[in-house]
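Given next are the chains, with one letter for each unit.
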Amino acid sequence: MTDVTDGVLHTLFHSDQGGHEQVVLCQDRASGLKAVIAIHSTALGPALGGTRFYPYASEEEAVADALNLSRGMSYKNAMAGLDHGGGKAVIIGDPERIKSEELLLAYGRFVASLGGRYVTACDVGTYVSDMDVISRECRWTTGRSPENGGAGDSSVLTAFGVFQGMRASAQHLWGDPTLRGRKVAVAGVGKVGHHLVEHLLSDGAEVVITDVREESVRRVTEKHPEVAVAADTEALIRTEGLDVYAPCALGGALNDDSVAALTAKVVCGAANNQLAHPGVEKDLADRSILYAPDYVVNAGGVIQVADELHGFDFARCKAKASKIFDTTLAIFARAKADGIPPAAAADRIAEQRMAEARQNQR
């Protein structure tokens, strides 16, 4: 075996990311497909999670990402109250260069070969149109277009869920579930962020935004000239008098430097993997900054795609996403009772639900 293969096998069987139920390495020479499907847990039901299409530097990096992301989906689905375990897939390569109908169909056949143990959806580098193609070979595909029996864009409910998490944070910290009169900073006003801004303004919040894309900022300010704009994220987090910071762009937004500079009292946003490393949640707690765990509050999207499997109903999904308010409050209560940060409390609650499900299967 090559050194790379040795590294991949070590990641699968010996690293902290190990312990997955199943990992499938997929290759289709004709289309150029190279993919990894990782199933972390099916204790609560079929694994559910998106397909990421990304030009990884190595196969080992791709495997590690699939393992990490699928584990995260187990926790997200458990906290969302879904009867789904965690799974994730990655397709290796630049989607701008190698994505093709043939490749997506080949990938669909691999997912179908798992017989429903893994249900796929969109992620970085894949879109509704891609899910429509994959679904031609695999009925365990969500995130499809309405024309193909799907729910389409899930950003609306993702933003709604984040807003519920923010309301719960306000209830916990200030005794009132509203952002009225609060100053909220939103970093990233793309698909999810601009919907979140609408909720905040309707609730009476004062909103400050930033985005690396000028057109995204302009879309918001042309409709809402009262929204303030910060030059960049560094300036945004230092805005005087901030009450809430909502990271809605890239992961790793909360690191040693940003936490030290943050003026907000609450962090609640849509971005995935906001904590740059495991110690950041303690840094937030030490500064008395309330953190609403990202995988809890941004679960509106996965709630939507899971509902597709039962015949999509927006009202049903919105009702379930509204429960993110209660879930977030429960996490804060558990954190206080156990004397731990909210991120650790969320993990404990998710692990308890998965453990009980495994016990019931015996």
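Note that the structure is a prediction, hence the values are computed from the model and not measured. Along each chain, residues carry numbers from 1 onward, in the same order as the chain's sequence is written. Per-residue local features are limited, in this predicted model, to residues with pLDDT of at least 70; the limit for side-chain atom pairs, both in listing and counting, is 80 or more; totals at the level of whole chains, interfaces and linings are taken over all residues. Each side-chain value is derived from all of the structure's non-hydrogen atoms; neither hydrogens nor water enter the calculation.

K.L.:
Is there a simple way to explain the overall build of the protein in this structure?
P.N.:
Looking only at helices and strands, one finds 16 helices and 12 strands in the protein. When we talk radius of gyration, it's over C-alpha atoms, and the globule rule is simply 2.2 Å times the number of residues to the 0.38. Computed over the C-alpha atoms, the radius of gyration of the protein is 20 Å, within 12% of the 21 Å expected from 2.2 N^0.38 for a compact globule of 362 residues. Reported as C-alpha extents along the three principal axes, the dimensions of the protein are approximately 55 × 45 × 40 Å. For the protein, with 362 residues in total, the buried portion stands at 54%. In what follows, residue pairs with any heavy atoms lying within 4.5 Å of each other are defined as contacts. For the protein, contacts bridging at least 24 residues in sequence account for 65% of all contacts bridging at least 6. For the protein, the accessible surface area stands at approximately 16000 Å², while carbon and sulfur atoms represent 49% of it. Only runs of H or I of at least four residues qualify as helices and only runs of E of at least two qualify as strands under DSSP, and these elements are numbered from the N terminus. For every residue, the accessible area (1.4 Å probe, protein chains only) is compared with the maximum for its type, and the residue is labelled buried under 20%, exposed over 50%, or partly exposed between those bounds. With residues, only the protein chains shown are counted as cover, and all accessible areas are computed by Shrake-Rupley using a 1.4 Å probe.

K.L.:
Would you mind going over the pairing of strand β5 (residues 85–92) with me for this structure?
P.N.:
The element β5 is extensively covered by neighbouring structure, given that 8 of its 8 residues are classed as buried. Residues of β5 alternate between two faces, with G85, G87, A89 and I91 on one and G86, K88, V90 and I92 on the opposite face, all of them buried. As judged from the 6 bridges shared by strand β2 (residues 33–41) and β5, these two strands associate in the antiparallel manner. Across the sheet, residue A35 finds its bridge partner in β5, namely I91. Where strand β3 (residues 47–48) and β5 come together, 2 bridges link them in parallel fashion. Following the sheet pairing, L48 is matched in β5 by G86. Pairs of strands are assigned from DSSP output, requiring at least two bridges between the strands.

K.L.:
I tried to follow the sheet that holds strand β7 (residues 183–187) on my own but got confused; where do I start?
P.N.:
As a general point, the strands of a sheet are linked pairwise by backbone hydrogen bonds and lie either parallel or antiparallel. In space, the 6 strands of this open sheet follow the order β9-β8-β7-β10-β11-β12, with parallel pairing throughout. Taken across any chain shown, the strands that pair with only one partner, and hence form the sheet edges, are β9 (228–229) and β12 (290–291). Here β7 pairs with strand β10 (residues 244–247) via 4 bridges, running parallel. What sits directly across from A187, in β10, is P247. Packed on one face of the sheet, helix α8 (residues 214–223) meets β8 (206–210) and β9 and runs near 155° to β8. All axes are obtained by fitting lines to C-alpha atoms, using only the stretch in contact for helices, and the reported angles, taken between N-to-C directions, cover 0 to 180 degrees.

K.L.:
Would you mind showing me how to read the environment of V63 here?
P.N.:
Considering the arrangement of structural elements, one finds V63 in helix α2 (residues 59–79). Distance in space between the C-alpha atoms of V63 and V36 is 6.4 Å, their sequence separation being 27 residues.

K.L.:
Just checking my understanding: could you explain the nonpolar core for this structure?
P.N.:
In a soluble, globular protein the nonpolar side chains are often hidden away together inside. Judged by nonpolar contacts, the single largest core of 68 residues is most densely connected at Y107, M166, V186, L196 and L200. Nine residue types can take part in a nonpolar core, namely buried Ala, Val, Leu, Ile, Met, Phe, Trp, Tyr and Cys, and a core is a set of them joined through side-chain atoms within 4.5 Å. Counting residues in hydrophobic clusters, the runner-up holds 20 residues, among them L236, A261, V280 and L284.

K.L.:
Please clarify how the packing of helix α6 (residues 155–174) against helix α15 (residues 324–338) should be interpreted in this entry.
P.N.:
Packed helices, taken two at a time, are described by their axes: the angle between them and the distance between them. Where α6 contacts α15, the axes come no closer than 8 Å and their chain directions differ by 40°. In terms of axis orientation, α6 runs oblique to α15. Here the hand of the crossing between α6 and α15 comes out right-handed. Counting all contacts with α6, which are made through G161, Q164, G165, R167, A168, S169, Q171 and H172, the residues of α15 involved are I324, F325, T328, L329 and F332. Amino acid classes used here: Ala, Val, Leu, Ile, Met, Phe, Trp, Tyr, Cys and Pro are nonpolar; Asp, Glu, Lys and Arg are charged; the rest, including Gly, are polar. By residue class, the composition of the contact of α6 with α15 is 5 nonpolar, 7 polar and 1 charged. By definition in this entry, angles of less than 35 degrees are roughly parallel, angles greater than 145 are roughly antiparallel, angles of 65 to 115 are roughly perpendicular, and the rest are oblique. Two helices crossing with the near one rotated counterclockwise from the far one by less than a right angle form a left-handed crossing, whereas a clockwise rotation gives a right-handed crossing.

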